[in-house]
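Remarks on the overall topology
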Amino acid sequence: MLFNLAGPPLMMQLSGADGPDRLFARSAALSLIIGGIANLVAGSLAMVWRIVIVESDAIAPYRFNATFSAVIVALAGLPLLGLHLTGSQPLPPTTTIRRELRELWPTLAKAIIFVPGPLLISFGAALFIPYLSLFFRQRFTATDAIIGLLFALISLATGLATLVGPRLSARIGRMQGVVLTQALAIPCLIALAFAPALPIAALIAMLRSALMNMATPLFEAHALSQTPPEHHPTVIGLIRAAASVGYIAGPTISAELQSSAGFTPILLIAALCYTVAVIVNATLFVWHTPSPQRNTTP
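All figures in this text were calculated on a predicted structure; none of them were measured in a lab. (Residues numbered from 1 in each chain as written. Predicted model: local features only at pLDDT ≥ 70, side-chain atom pairs only at ≥ 80, totals over all residues. Heavy atoms only, no water.)

1. Re the overall build of the chain
- A tally of helices and strands in the chain yields 12 helices and 0 strands.
- Secondary structure elements of the chain occur, N-terminal to C-terminal, as α-α-α-α-α-α-α-α-α-α-α-α.
- Here the chain holds 298 residues, and 39% of them are scored as buried.
- Put simply, of all contacts in the chain between residues at least 6 apart along the chain, 81% involve residues at least 24 apart.
- Surface summary for the chain: the accessible area is close to 16,400 Å², and the carbon and sulfur share equals 70%. (Helix = DSSP H or I, 4+ residues; strand = E, 2+ residues; numbered from the N terminus. Buried < 20%, exposed > 50% of the residue type's maximum accessible area, 1.4 Å probe, protein only. Contact = heavy atoms within 4.5 Å. Areas by Shrake-Rupley, 256 points an atom, 1.4 Å probe, with all protein chains shown as cover.)

Structure representation (structure tokens):
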């Protein structure tokens, strides 16, 4: 969690005069694409450990997977060791905890405007994202191999779509692009609820994920561009906390609904949450904005 919260403020300092859209989009795209590849590799890797190292121990391959994962995460910090920030803000003077808390409240008051959209989307996503593999298995009798391939393709499609975000932002405005892509994802979610066959459902799921998630880097870049650098960790923490709140109760509610009504009403309720989120974001950041905030990044 600390690693994730440290990334966006650092990228804001590294983005330079071109603005943060391109760097945020590339970071998100790489994470999604590598995550998709990892989905394909992880299952096979456990089998490799079992054959090569500990054929008789059923638990040890997963221990090796966990250790390998920890090593990769540790190596992720190496490129930062020689990093030098140009034009970075000087460190603030030492202050008391009381003063820090007193300055925190105005920051939270200004950042609260960025919470409703991610909060509503998290409630909708928490209803079906944790059970998406179960949806494909129950409705279309998809095998584990097909589901793994499908999730990898979804990650790949989303990562590639994220790279298009900065160009869209440059043409129509950053928050205009966020609202547009989120709005286009809503019909996909409704169509997924009534998809007649696995290939069609797979294409719809890829398109929905690409449209909805390509807006996330732009939204975070916009939020950080509207706040002072010393408050970036607080703002990004608030946004990502809001994006996780729905997962506290959403999966439990979804499980109860699945047992009585199946997946169709769950997807429709999620589409309703997305619709409200789009209206809220449009109201706060587009309709009340005097002129589009365009990014000059090509």
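2. Let's talk about the packing of aromatic side chains
- Per the stated rule, a full pass over the model turns up 8 aromatic pairs.
- Relative to phenylalanine 263, the ring of phenylalanine 135 has its centre 5.4 Å away and its plane inclined at 75°; by these criteria the two rings are edge-to-face. Here phenylalanine 135 is found in helix α6 (residues 132–140), whereas its partner phenylalanine 263 is found in the loop between α11 (232–261) and α12 (264–287), with 128 residues between them in sequence. This pair shows no difference in class: phenylalanine 135 is buried, exactly as phenylalanine 263 is.
- Centroid distance phenylalanine 219 to phenylalanine 285: 5.9 Å. Interplanar angle 85°. Geometry classified as edge-to-face. In this pair, phenylalanine 219 is assigned in helix α10 (residues 216–225) and phenylalanine 285 in helix α12, connecting sequence segments 66 residues apart. Considered together, phenylalanine 219 and phenylalanine 285 belong to a single accessibility category, that of buried residues.
- Among the aromatic residues, those joined into a cluster by ring pairs are Phe135, Phe136, Phe140 and Phe263. (Phe/Tyr/Trp six-rings, centres within 6.5 Å; stacked < 30°, edge-to-face > 60°.)

3. Regarding helix α5 (residues 116–128)
- By the burial criterion, the buried members of α5 are Gly117, Pro118, Ile121, Ser122, Gly124, Ala125, Ala126, Leu127 and Phe128.
- Contacts made by the buried residues of α5 are with α6, α8 (174–193), α9 (198–213), α10, α11 and α12.

4. A closer look at the environment of leucine 134
- Here leucine 134 lies in helix α6.
- Judged by relative accessible area, leucine 134 falls into the partly exposed class, the value being 26%.
- Separated by 129 residues in sequence, leucine 134 and phenylalanine 263 have C-alpha atoms that sit 9.8 Å apart.
- Apart from the residues lying within four places of it in its own chain, the contact partners of leucine 134 are Gln258 and Phe263.

5. What to know about a nonpolar patch on the surface
- A contiguous nonpolar surface patch, about 760 Å² in accessible area, is contributed by Ile34, Ile37, Leu40, Val41, Leu149, Leu153, Leu156, Leu160 and Leu163.
- Residue class for leucine 163 comes out partly exposed when judged on its relative accessible area of 40%. (Patch = residues over 30% accessible without salt bridge, like charges linked within 9 Å, V, L, I, M, F, W, Y side chains within 5 Å. Salt bridge = Lys/Arg side-chain N within 4 Å of Asp/Glu carboxyl O.)

6. Side note on the nonpolar core
- Membership of the largest hydrophobic core comes to 55 residues, with the highest contact counts inside it found for Phe128, Phe135, Phe136, Leu192 and Tyr274.
- Ranked by residues supplied to this core, first place goes to α12 with 10 residues.
- Beyond its immediate sequence surroundings of up to four residues, phenylalanine 135 is in contact with Phe140, Leu192, Phe263 and Leu267. (Core = buried A, V, L, I, M, F, W, Y, C linked by side-chain atoms within 4.5 Å.)

7. Digging into the environment of alanine 161
- In this structure, alanine 161 sits in helix α7 (residues 144–172).
- Accessibility expressed as a relative area gives 13% for alanine 161, which makes it buried.
- In the structure, alanine 161 is positioned 49 residues away from alanine 210 in sequence and 5.6 Å away in space, judged by C-alpha atoms.
- The contacts of alanine 161, once residues within four sequence positions are left out, are Ala210 and Met214.

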